[in-house]
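Coordinate analysis (summary)
Here is how the chains run, residue by residue.
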Amino acid sequence: QVQLVESGGDLVKPGGSLRLSCAASGFTFSDYYMSWIRQAPGKGLEWLSYITDSSFTNYADSVKGRFTISRDNAENSLYLQMNSLRAEDTAVYYCAREVTAARGNALDVWGQGTMVTVSS
Amino acid sequence: QSVLTQPPSVSGAPGQRVTISCTGSSSNIGASYDVHWYQQLPGTAPKLLIYGNSNRPSGVPDRFSGSKSGTSASLAITGLQAEDEADYYCQCYDSSLSGSGVFGGGTKLTVL
């Protein structure tokens, strides 16, 4: 079945780095745009970044210059490299598949999330 | 604050109808970009509930419906059930932001 599984979440000190992974299965990964979204404890959803099927990338202002999204189509995997982490980056991080539409993509498949805690 | 405004909470008794609004602006909903809705049950990942303003993915009951008009969109839930108690988020593309989609702040639905 179609599935996304995130991994890599951990406790990290402010200023540190972390790399999240998202393993895709059950669909042709290379055909899809993919996104990262996060949710701080008790808060709402925040879209962070997307990568197209041809690896064009885009970022929210809150993470631009600190986070890097990438993909390995041969490994059916999505990544998020997070540098210069701050306390406010503490959140559950979700990867999601985008369903392409002319007037704005929807996120039709989500992973279960991985927790990132930034604290000294 | 999000560029898409939702009420923090709504409530209704079993069997009733509730609506959740999502108010945007001329750079998102008003620019004719599609609105999508997500349901997040407690302790779980979000799930796509409505896409393209009013379309239901396979498996979503027809008790859930979406609509859009002008700079606002709405999610309606009829025949409210206990298992509908969840957080609901609207999402839309915004042409004024550097990124892609933006989410509303979320609405907590309580079934009385």
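In this text the structure is predicted, and so the values were computed from the model without any measurement.

Looking at the pairing of strand β1 (residues 9–12) of chain B
Residue and element names in this part refer to chain B. Of the two faces of β1, only the one carrying Val10 and Gly12 is buried; Ser9 and Ser11 on the other face are not. In this sheet, strand β9 (residues 107–111) lies alongside β1 in parallel orientation, the contact comprising 4 bridges. For Val10, the partnering residue across the bridge sits in β9 and is Leu109.

Let's talk about the interface of chain A and chain B
The interface of chain A with chain B comprises 24 residues on the first partner and 21 residues on the second. Each partner contributes to the roughly 1600 Å² buried at the junction of chain A and chain B, and carbon and sulfur atoms together form 56% of this total. Linking chain A with chain B are 0 salt bridges, by the criterion used here. For the pair chain A and chain B, the interface holds 10 residue pairs in polar contact (both at pLDDT 80 or more). Looking at the side of chain A that touches chain B, the elements with two or more residues in it are β4 (34–39), β5 (45–51), β6 (57–59) and β10 (106–110) of chain A. Its residues assigned to classes, the side of chain A that touches chain B comprises 11 nonpolar, 7 polar and 6 charged.

What counts, and at which threshold
Residues numbered from 1 in each chain as written. Chains lettered and ligands numbered in written order. Predicted model: local features only at pLDDT ≥ 70, side-chain atom pairs only at ≥ 80, totals over all residues. Heavy atoms only, no water. Buried < 20%, exposed > 50% of the residue type's maximum accessible area, 1.4 Å probe, protein only. Helix = DSSP H or I, 4+ residues; strand = E, 2+ residues; numbered from the N terminus. Pairing = 2+ DSSP bridges. Contact = heavy atoms within 4.5 Å. Buried area = accessible area lost by both parts, 1.4 Å probe. Salt bridge = Lys/Arg side-chain N within 4 Å of Asp/Glu carboxyl O. Polar contact = N/O pair within 3.5 Å; in protein donor to acceptor, adjacent residues only side chain to side chain. Nonpolar A, V, L, I, M, F, W, Y, C, P; charged D, E, K, R; others polar.

Scope: geometric values only; no functional claims are made or implied.
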